[in-house]
Amino acid sequence: MLCAARSACMWLGSLHVESWWHGCCYLTGDDMKGNYKKGEGEMKKVMTALAIGLVALATFPGSALALDLGQNITIPDLVGSGSGWAGAQEDQEVEPGCLTGQQWDMEGFFFKSDYTLTMVGGYNMVSGQGGYMTGDLFIDVTGDAVYGPSANGSGSGNTIVNNVFGYDYVLDLDMATLTYDVYAIDNDSLFSVYYSQNDESNPWRYSRGGDAVQGWQDVKFDYQTGLADGDVAGLAGGTHNAAVFSFAFLPSGTEFISHYTYACGNDNLMGQFSVPDGGLTAVLLGLAMLVVEGARRAIRR
Ligand SMILES: [Ca+2]
Ligand SMILES: [Ca+2]
Ligand SMILES: [Ca+2]
Ligand SMILES: [Ca+2]
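Residues numbered from 1 in each chain as written. Chains lettered and ligands numbered in written order. Predicted model: local features only at pLDDT ≥ 70, side-chain atom pairs only at ≥ 80, totals over all residues.

Asker: Break down the overall build of the chain for me, with residues and values.
Answerer: Along the chain, the regular secondary structure elements total 4 helices and 16 strands. With 301 residues in all, the chain has 35% of them scored as buried. Pairs at least 24 residues apart make up 69% of the contacts formed inside the chain by residues separated by at least 6 positions. (Helix = DSSP H or I, 4+ residues; strand = E, 2+ residues; numbered from the N terminus. Buried ≥ 20, exposed ≤ 12 C-beta atoms within 10 Å, placed from the backbone. Contact = placed C-beta atoms within 7 Å.)

Asker: How would you sum up the sheet that holds strand β10 (residues 205-208)? Please name residues and give values.
Answerer: Reading across from one edge, β6-β9-β10 is the order of the 3 strands in this open sheet, with antiparallel pairing throughout. What marks the edges here is a single partner per strand, and that holds for β6 (159-162) and β10. Averaged over all neighbouring strand pairs, the angle between strand axes comes to 40°, with direction disregarded. In terms of strand pairing, β6 meets strand β9 (residues 190-193) through 4 bridges, oriented antiparallel. Looking at β9, one finds that Thr-159 is bridged to Val-193. (Pairing = 2+ DSSP bridges. Axes fitted to C-alpha atoms, helices over the stretch in contact; angles between N-to-C directions.)

Asker: Residues and numbers for the nonpolar core, please.
Answerer: Of all hydrophobic cores here, the largest spans 56 residues; its most connected members are Tyr-167, Val-170 and Phe-245. Leaving out residues up to four positions away in the same chain, Phe-245 has contacts with Thr-116, Leu-117, Leu-137, Leu-171, Tyr-180 and Phe-221. (Core = buried A, V, L, I, M, F, W, Y, C linked by C-beta atoms within 7 Å.)

Asker: An account of the confidence of the model for the chain is requested, with residue identities and associated values reported.
Answerer: For the chain, per-residue confidence averages 78 on the pLDDT scale, and residues scoring 70 or more make up 68% of the total. Below pLDDT 50 for its whole length, residues 1-50 participates in 31 contacts with residues either more than four positions away or in separate chains. (pLDDT = per-residue confidence, 0-100.)

Asker: Residue-level account of the sheet that holds strand β1 (residues 71-72), with values.
Answerer: Taken in spatial order, the 5 strands line up as β1-β3-β4-β14-β13 in an open sheet, and their pairing is antiparallel. On the outer flanks of this sheet lie β1 and β13 (222-227), each paired with one strand and no other. Bridge analysis of β13 against strand β14 (residues 240-246) gives 4 bridges, and the strand direction is antiparallel. Residue pairing across strands places Gln-224 opposite Ala-242, the latter belonging to β14.

Asker: Outline the environment of Pro-149, supporting the account with residue identities and numerical values.
Answerer: On the secondary structure map, Pro-149 appears in the loop between β5 (134-140) and β6. By the C-beta count within 10 Å, which is 12 here, Pro-149 ends up exposed. Look past the residues within four positions of Pro-149 in its chain and what remains in contact with it is Leu-78, Val-79 and Glu-200.

Asker: Summarise the pairing of strand β16 (residues 269-274); cite the residues concerned and give the values.
Answerer: Relative to β16, strand β2 (residues 74-75) runs antiparallel, the two being bridged by 2 bridges. By the bridge assignment, Thr-74 is partnered in β16 with Gly-271. In sequence, strand β15 (residues 255-262) turns back onto β16 through a hairpin of 6 residues, with Cys-264 there showing a positive phi of about 85°.

Asker: Report on unusual backbone geometry, specifying residues and quantitative values.
Answerer: Leave glycine aside and you will find that most residues have negative phi; peptide bonds, for their part, are mostly trans. Between Asn-202 and the following residue, Pro-203, the backbone shows a cis peptide bond with an omega angle of -5°. Take Pro-203: it is sitting in the loop between β9 and β10. The backbone phi angle of Leu-78 is positive, close to 70°, even though this residue is not glycine. You can see Leu-78 is positioned in the loop between β2 and β3 (106-111).

Asker: Tell me what's going on with the environment of Ala-248, and back it up with residues and numbers.
Answerer: Along the polypeptide, Ala-248 turns up in the loop between β14 and β15. In sequence terms Ala-248 and Thr-116 are 132 residues apart; their C-alpha atoms lie 7.5 Å from each other.

Asker: Requested: an account of the environment of Leu-99, with residues and values cited.
Answerer: Take Leu-99: it is sitting in the loop between β2 and β3. For Leu-99, a count of 21 C-beta atoms within 10 Å corresponds to the buried category.

Rendered as structure tokens:
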């Protein structure tokens, strides 16, 4: 089982990697030589500092971007065999028989106490890989998500099907503007599913239907690329991408299952967690106490 047009995938993949690694310009010694005129000493210092900074960035890519991801909430996608790239783990793993490599790897869901969910992948969720673009982020809050082998036979060939997967919300992602819309969805909502060989990874993209959740339209999200293993809790592969979404639309105490894949379902990412009870309430209470304490001090003066 292989992705469609595997050779094209691999060719485009290698082209992408080559251009990524060799696309940077470095200041050379020759750049720093020349006849600086009198009075340009300060400029030389600035240029030197800039060069040192660029070299540091090239030597330790992403080292200044270490993320506080919170808790790793990734769960098994229930499809795997043996070990290595077809193993039961999620990092350094894709679905059995699919294209392997960090550029295809979805690696983990993380949840933090500020109600943010971070999705990490070697796969570039914004630019895609080999022409296979991002899917959307699906959420089940009633414990009936259908995934893994249970999603077998759910459709193929980039067709549109009803929501037979039990998902209750979707974050409809717009990678051009780095925004998302949240929809409350039901069985009549329509999803895109793709690729008969990986229907265990379905669904990949929201199509239409459901109700827009008020206040959760065109929400900005943060996206970082070029992260090192140490920036993403030691996930392997050398370079990573991370998308950070607010999940504050879910009531505290909600237990959810999250699902993400990209076109062709080459790698299926699943997560499970309970939104902490009183998380936001505790933050607001803390802020209120600070205000009260400040007022008391002002009165004493
Ligand atoms: Ca798997
Ligand atoms: Ca990896
Ligand atoms: Ca994976
Ligand atoms: Ca559900």
